[in-house]
Structure formats: C-alpha cells, structure tokens
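Fold and geometry: a report
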Amino acid sequence: MTQPDTAPLRAPVLGQLLLMQNVLCNLPDERSIFSFVCRGLADLPGVAGASHDPEGEEAADAALQRFSLQVGASHWGELLVRVYDPVAFDPYKPYLNNFVFMVAVILEERRQRRLNEEHQAYLEQRVQERTSQMLTEIAERRMVEEELRRSRNMLARTLDSIPQAVFWKDREGVYLGCNHVFAVAAGLERPELIVGKTDFDLPWPRGEAEGYRKDDRAVLEQRCPRFHIVEQLQQSNGARLWIDTTKVPLTDDTGVVYGVLGVYDDITERRREEAERERLQEQLTQAQKMESIGRLAGGVAHDFNNMLQAILGYTGLALEQAAKSPELVEDLHEIMKAARRSADLTQQLLAFARKQTVVPRVLDLNETVASMLKMLQRLIGESIQLVWSPHPALWPVLIDPAQIDQLLANLTVNARDAVGGTGRIVIETANQPGVANSAPLPLGVEPGDYVTLTVRDNGCGIDENTRAHLFEPFFTTKALGKGTGLGLATVYGIVKQNHGHIGVHSEPGKGTAFTIWLPRSAADDAATAVAAEAGPCRGSESVLLVEDEEQILNLGRRILQEHGYTVLAARLPEEALRTVTDFPLPIHLLVTDVVMPGVNGRELQARVAALKPGLRCLYISGYTADVIGHHGLLEDGMQFLQKPFSVADFTRKVRQVLDQEVGPAP
Amino acid sequence: MNLPAPTISLGFTAERFPAGVHICQIFSDDDERQDALLAYLQSGLEANERTSCFSDKASAPIVAEHLAQHGMSFDERCACGALTLAPTREVYFKNDRFDPERMLEVLTKYHEDSVIQGYPAARVIGEMTAEVQHVPGGSRLLEYESKISLLLREHPITCVCQYDARSFDGAMIMDVLKVHPLMVIRGSVVRNPFFIPPEEFLGP
C-alpha cells in the first residue's frame, strides 16, 4: 500500500484560517497580528511552527516554506512556515496562500487606512493650523484695519484742524484728497468728495485753474518744492482770496514722484493790513515831512518878517516925509508893494506851517462859499463853468472864514490852471456821518461826523508821482514865475490846523477832485472875530517898547514918538524892568516882542503889570508860535500884531488897545 | 425521548443557546464592548436570570440608565441580588493575586446560590484585563479558562469573557481562543475551531 501523496482536507483547519482572518482585524498592530498568525499557523497539520521574516533574511531551509506578504507594491516580508510533514501540509498550501494574501490585503488596507488617517489627521491639522492662522490673520487684519481706520481718522482730524487749506493731487492733476478748509473753499460738503475732481471741475475760473495746473507741473518736473506762490483764488461763495501756497512733490517708497501736496494760507486780511500799514506809514512819513518843512518855513518867515518890518516901517516913515517929491513917493510905493508881496508870501508860509493867527467861528460853509462865488468866477474866468452844489442841510463847522477864502481861492486857481481853456469846476459840500465805521481813517483824523468841501475839475489830472509831492511848499508844476508852490501847502496847513483832512483823487486826463474834511461842529458860534475898528491913531500916553531887534526897536520908537506918544524903549527885558522902576509916571501900554533873550514877552508883561497896575499890553511878533495856543487860537484878551505891519496898522492897533476897556488879566 | 434543554438569549445575537455556554469576545472597540455588555445584562435580567458583571467599564449610572430605558430599575435589581456589578480587580485580583481555584469556587457558589434562590439561570460577563499578566497567578489564566469549561458542565452558568485585543499580544489572544468553545465574531456567536477541550488542554 502506497502512501497517499496528499492528506484529505479537514474543515476545522480551514475554519481556523477563516477565524484568524476575522480575529486579526481586531488586533491593533502588525506585531500583534504576526504574533497571532504565527501562533495560529503552528496548529496547521504538518507544521512545526511559523515566523515572520520582515526583511527576507532567513537562510534557505528545506523545511521552510515561504509565503510572501505582498499586495501590489506593498511588501511586509514573508511568513516562514516550518513544515515537517509536507503530505499533511500541502493540501492547505493554496488556502494558506490565500490566507497570507488576505493578511497582506488587511495589512495594506490598514496601511492605507493609516495613511488615510494620517493624511486626514495631517489635513485636519493643516486645516486647524490654517484656520488658526487665518483667524490670527483675520484678527491681525482687523487690528490693522482698525489701526488704519483710527490712523485715517486721526489724520483726517489733524488735517481738518489745520487752519490752512491742504490738498493733494496725482500727476494728472486729479485730486486725491483735501482737508475741510479746502473742501469749504471748493464748495464741497465733505473732503472726500474732492477725490477724482480736477481744478477745472471746481468753482475757480478757468484761468486760475490753469495757473494752478502750471504750478503743479513745475513742481512735478523739477521735483522741488515751490514756496510762497502768491495768487488769487475764487471760493465757491464768490469771494476772491489772496492765497500764499506752498507745493511739494509727493513721492512713493521708491522715490517716484506721484503727485503734489499743497498747502495754502488765506492772506487776504494780511495783505489788507499790510496795505493799510503801508498807507498809514506813508501818511506818517508825509506828515512828518510836512511838519519839518513847516517848522523850517515858520522859522524863515519869522526872520524874514522882521526884515520886512524894517523895510515896510522905514518906507512908511519915508513916505510921510517925501510927499513933496512925487518921484520919490512913487519909488517908495514900489518898495512898499514889493515888501507887501513878500509879506504875503511869508503869511502863506505861516499858514502852511499852521502858525498864522486865526479867529475861528462856527459857520455855515454853504453861506461862506456862496458869498465867494462871484469872486471865484472872476478868478477862473468866463470860459470855465463854475458849478455850485451845496448840501441842503449841511452841518456847521468851526473855522476862520478867512481860511475858507484861502482854501477856495487856492483850489479854484489850481483847478483853473488844470482845466486850461474851457471846462468845468464843481464845488460841492456834503455831510459825512459816522466816518469811524466806514473806510479806514487817514492818519490823525478822529472818528466822527465830518463835512466835506470838494473842488472838482475836468482838467488834465495829476499823475501819481506829482500827487506824492502836492502839498509840499515850493513844489509846483507851473512854469517859472507862474506859481510860488505855496498854494496847496497853504491849503494843507489850514486843513490840518482845523483838525481836518484833505484828500485828492485824480488820474491823468480824467480830472482832479480835492476833498477837504472838516469836523462837524456841535458848538454854537463861540468865537467872534475881532473886528478891526478904525479910530484915532495918535495919542499922548506913555508906551514901553521892548524889542530885541534894534532896527525894529528904533523903528517902533520913531513911529510912536511921531504919533505923539511918550516912548520908553528897551532892547532887553531886564533893561525894560529897570526903566519901569526908574520911571515915576504911569506907563499905559507895553508893546513887546514875544521871543527875547532871558525873559519872554508874556513873563515881562506880568512883571511890569505888577509894578504898573492898569498896564495894557500889545504883543508883536513875526512868528506866532509862542503867543498862540496849541490850536493856533489867541488866548482871550491877548492883543497881537503880526509882523510885518505898516505904520498905519501899528498906530491903529496901539490906539485900539489903549482905548479898549480893561478886561481880565491875560 | 429527551426534551431539548431550555435555551437562553445572550442579548447581542438573535441566536439562542443552552445555558452554561462559555463564550469569548475579542474586541478592539469600546462601543462594541459596551453594547454587548449592556445587551447581555439586559437580556439576563429580562429572563429573570441572576446576572453579574465583573468589569471596570460597566459603571452603575450607565447600566442603570440602560435598564431604565427598558423598564427596569437598577436599584431594585441590585437590592434583590438579581444584579451584581463589581470591578475586575475586586473580583479577579483579590488580595493582589489571581487565584483560579478561588475564582472557580466563587462561580460554583454563585451558581448554587442562584439555584437555591430560584433563579431560572445564572449568567456572568467579565472582562479580563492585561494586569493579569503582571500579578501572581496570572500565568494560570488559560488553565483557569479551560477549567471553567469543565465547571460549567456541572454548574451551567452562562459566561462571556471579554478580552481587549488592544491590551494583549496577538499570541496571547490566540491562546485565549484555544480555551473558549464559542466566540463572538462581528456580533455573531460561532464555534471556535481553535478550541481545545479542557481534558486535552489541561492534560492528564
């Protein structure tokens, strides 16, 4: 009987293989699986034991049967089955092959599952990390956005707090932003509405917009700031401003210029103040110059008057003695006329210097002017129409009417000369209420109500350079010998003496208008002109004559003695006082110069009056600065005779003073 | 003619078995373990069997909740002795050692008391932990399991032995299979082809 080649299959063995296949699914890892499988395979028929050779390193052995654990490219080594009875084992070999393959499949599935799980875990971890990262990024972005928002708000608030207008544009002149001040100027409700607009979309005129664009291009091309571009800007409300603009190029991180940043300051008010300051400075300078000239003129007039006094006086005395020689009388009259014209000149100088003696009174300017119209018409001739335009309810002014005569005569003659042949001169008066709140006041003019007297002509006009020197004495545009250059200087002095102002408006070819501003008078007629009364010019009283100019002293003594008076003459006040002390008889009149060495005329009068009660006094002077008050007014009761005077003037004045009732001591 | 022996329900499978079967459950999933455990306890109590559980994983609240969901009071069943819960260590490793003889006596007495108390049957489910490999007497685990198969012939307590495949080596799991005649595979109870009868396993 032969040994069968193979043993019959036993179902439980196959069941073991199936059971192992099921159970090993519960085992956690490969080590445990191979441990389980090898222990189970050892129970197979004909098998002495089984092991796992992960690397295929086990040496070849006839009893060892190898079962590869492989699925596709995945390999887990080999299961080594030590077979001691191949006959018993061989029937199960195909099943064992299947089993080992299934083990490999399970391992591969596990590997795949593990890879999937790892991948899934990796993905989940990545998702978690990315989610965390994104949350962090979102949080950071929100923080950045919040910081950016706060920063933008702060920048906007800062820009809006700047009193200057701020704006910025790109290279094409398109606005990128601006602050509140600029938005208001541009007529926009909010600064952000500026974005996308150009200067040609904004309310300023096209010419100005083109100018701004030109400035922008210059900054962009030169890559340099431009400072203090002074230009005009028309706001949305129509107001035109003077602005001082600074523009700088805007650069990005790489230094590329991408636009222009501009800041401008509204300098309209500053310019107005500067212009006003310049105007006032000019007025001050002019006033100072006029004052200096006035002082000079006054000083010259004083000395000149003394000399003229001698000429006039001695000529008068000579005339009284030369009646028998007609030729001599005629010559002396010529000397007298020349001396009087010279005296008129010095009088004008004194008027300009505001040193002439005046007796102001409250008067209706309309009446005063009206009374002069005929005289003025004769002055200007018939070829020039004189138009009189009085204000119907003119306020009163306080002024010496003689000064009105001087003003109008000078202005009308000048107008006549400006008109030339035929033309028109208009004289008009007007009230100017509340000057303080209207236009800026000229230097030295107090706020209040004013009356204006305007002389306007349609003549040749005056250029700017001439206007600057109009009121300077001896400045004239007339031909040599045609004018003294003292006319407008006299007008100026009179106006200033009366706290007024004179303005001139003129353009070459468009005529000239001189307007005199005189303060409105609220007082009644308080001053009364002292009328010169004719009376006896001779007398027998004792007269003390004090004059430091010996020539004048001798002239006066001679005139008075020839008119019957007893004359005590002295050159100096001390000498006069000694004379008074030594003279036992009454002295009725003191005739004294005002300015003398040592004691002046007023002090001398006081000291002599103390010695000779009832003494009357007559002051004589070529320069009134010391005898008139601050405003050119004679003090009450003061008697004064302006040098140079004629013999008749002098004797009449002496007689007048001696004859008047004694008033309060001056 | 002999009448067929009365059968019992194990709870986790529709198939019915004679009382006194010895079953092994190799699991690697906690839900699988708990589902089988709760179903086994529930079916035993529903059949009025005396039921015990020796497991660290069967907490009283979980079991009570499960029983309540099926109309049974955990407290009442415990109070009358129909249900006993005890941790693995307290039962298997008393005095810090594994003593198969003591355990066999416990099971014997458990069955005898059940009969005396009139229970129609008695059942036990226990989870052996890996600690058994580290306590004195632990090396006799397979001997103990094999002897249970002998004991059940006299004292037919239905026994389910739970082993966590994640805690034992694969070779140990294979050895455990060899001393259990039945085992649970994917929710079904099957005869174990690796089973070695106790007479053969324990030897003469």
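Everything that follows concerns the structure shown earlier in this document.
In this report, the structure presented in the accompanying data block is examined. Since this is a predicted model, take the numbers as computed values, not measurements. (Residues numbered from 1 in each chain as written. Chains lettered and ligands numbered in written order. Predicted model: local features only at pLDDT ≥ 70, side-chain atom pairs only at ≥ 80, totals over all residues. Heavy atoms only, no water.)

Okay, the overall build of chain B next. Counting secondary structure elements, chain B contains 8 helices and 9 strands. Burial analysis of chain B (204 residues in total) assigns 52% to the buried set. Here the contacts in chain B between residues at least 6 apart in sequence split such that 75% fall between residues at least 24 apart. Approximately 9200 Å² of chain B is accessible, and the part contributed by carbon and sulfur atoms is 52%. (Helix = DSSP H or I, 4+ residues; strand = E, 2+ residues; numbered from the N terminus. Buried < 20%, exposed > 50% of the residue type's maximum accessible area, 1.4 Å probe, protein only. Contact = heavy atoms within 4.5 Å. Areas by Shrake-Rupley, 256 points an atom, 1.4 Å probe, with all protein chains shown as cover.)

Right, let's talk about the overall build of chain A for a bit. Scanning chain A from terminus to terminus reveals 16 helices and 20 strands. A burial count over chain A gives 42% of its 666 residues as buried. A separation of at least 24 residues holds for 66% of the contacts in chain A among residues at least 6 apart in sequence. Carbon together with sulfur atoms contributes 53% to the accessible area of chain A, which is approximately 35200 Å² in total.

The pairing of strands in a sheet comes from backbone hydrogen bonds and takes either a parallel or an antiparallel form. Residue and element names in this part refer to chain A. What the 5 strands build is an open sheet, ordered E10-E12-E13-E15-E14; its pairing is mixed. The open sheet has two free edges, formed respectively by strand E10 (384–389) and strand E14 (501–506), since each of these has just one partner strand. When strand polarity is set aside, the average angle formed by the axes of neighbouring strands in this sheet is 15°. The pairing of E10 with strand E12 (residues 423–432) spans 6 bridges and is classified as parallel. Looking across to E12, one finds that Gln385 is bridged to Arg424. Across the sheet, helix H9 (residues 365–380) is in contact with E10, E12 and strand E13 (450–457); its angle to E10 comes to roughly 180°. Relative to the sheet, helix H12 (residues 487–497) contacts E14 and strand E15 (512–519), its axis offset from that of E14 by approximately 135°. (Pairing = 2+ DSSP bridges. Axes fitted to C-alpha atoms, helices over the stretch in contact; angles between N-to-C directions.)

What follows concerns the interface of chain B and chain A. Contacts between chain B and chain A engage 20 residues on the former and 18 residues on the latter. Here chain B meets chain A over a buried area of about 1600 Å², counting both sides, of which 61% is carbon and sulfur. Broken down residue by residue, the surface that chain B buries against chain A is led by Met174, Pro193 and Phe194 of chain B, which jointly contribute 31%. In this assembly, chain B and chain A are joined by 3 salt bridges. (Buried area = accessible area lost by both parts, 1.4 Å probe. Salt bridge = Lys/Arg side-chain N within 4 Å of Asp/Glu carboxyl O.)

Right, let's talk about the pairing of strand E4 (residues 50–54) of chain B for a bit. All names here are of chain B. For E4, a buried count of 5 out of 5 residues is recorded, marking the element as mostly surrounded by other parts of the structure. With 5 bridges connecting them, E4 and strand E6 (residues 122–128) associate as parallel partners. What sits directly across from Cys53, in E6, is Ile125. Here E4 runs beside strand E5 (residues 83–86); their pairing, made up of 4 bridges, is parallel. The residue bridging Ser52 from the neighbouring strand is Thr84, located in E5.

Take the sheet that holds strand E3 (residues 22–27) of chain B next. Residue and element names in this part refer to chain B. One open sheet holds the 7 strands; their spatial order is E5-E4-E6-E7-E3-E8-E9, and the pairing between them is mixed. Looking at which strands have only one partner, the edges of the open sheet turn out to be E5 and strand E9 (188–191). Shown here is a sheet whose adjacent strand axes are inclined to one another by a mean of 20°, direction ignored. Across 6 bridges, the pairing between E3 and strand E7 (residues 158–164) is parallel. What sits directly across from Ile26, in E7, is Tyr163. Those strands touched by helix H7 (residues 170–177) are E3, E7 and strand E8 (182–185), and its axis lies near 160° from that of E3.

As a working rule, side chains carrying opposite charge can pair if their charged atoms are close by. Taken as a whole and assessed by the stated rule, the structure comprises 45 salt bridges over all chains. Residues participating in the shared-partner salt-bridge network are Asp30, Arg33, Glu127, Asp164 and Arg166 of chain B.

Take a nonpolar patch on the surface next. Residue and element names in this part refer to chain A. Taken together, the side chains of Leu296, Val300, Phe304 and Met307 present a nonpolar region at the surface, about 380 Å² in accessible area. Locating Phe304 in the fold gives a position in helix H7 (residues 268–321). You can call Phe304 partly exposed: its relative accessible area is 32%. (Patch = residues over 30% accessible without salt bridge, like charges linked within 9 Å, V, L, I, M, F, W, Y side chains within 5 Å.)

Another point: the pairing of E7 of chain B. Within a regular strand, the side chains alternate between the two sheet faces. Residues and elements named next belong to chain B. With 7 of its 7 residues buried, E7 lies for the most part within the structure. Of the two faces of E7, the one lined by Thr158, Val160, Gln162 and Asp164 and the one lined by Cys159, Cys161 and Tyr163 are each fully buried. Pairing of E6 with E7 involves 6 bridges; the strand directions are parallel. Paired with Val124 across the two strands is Cys159, which belongs to E7. The β-α-β motif built from E6, the intervening helix H6 (residues 141–154) and the parallel element E7 has right-handed crossover chirality. (Right-handed = clockwise from strand over helix to strand, strands pointing away.)

Time to look at the side chain of Asn179 of chain A. Residues and elements named next belong to chain A. Within the secondary structure, Asn179 sits in the loop between strand E5 (175–178) and helix H5 (180–185). By relative accessible area, which is 0% here, Asn179 ends up buried. A polar side-chain atom of Asn179 sits 3.1 Å from the main-chain amide nitrogen of Phe182. Ignoring anything within four residues of it in the chain, the contact list for Asn179 reads Leu159, Asp160, Ile162, Gln164, Ala165, Val166 and Pro191. (Polar contact = N/O pair within 3.5 Å; in protein donor to acceptor, adjacent residues only side chain to side chain.)

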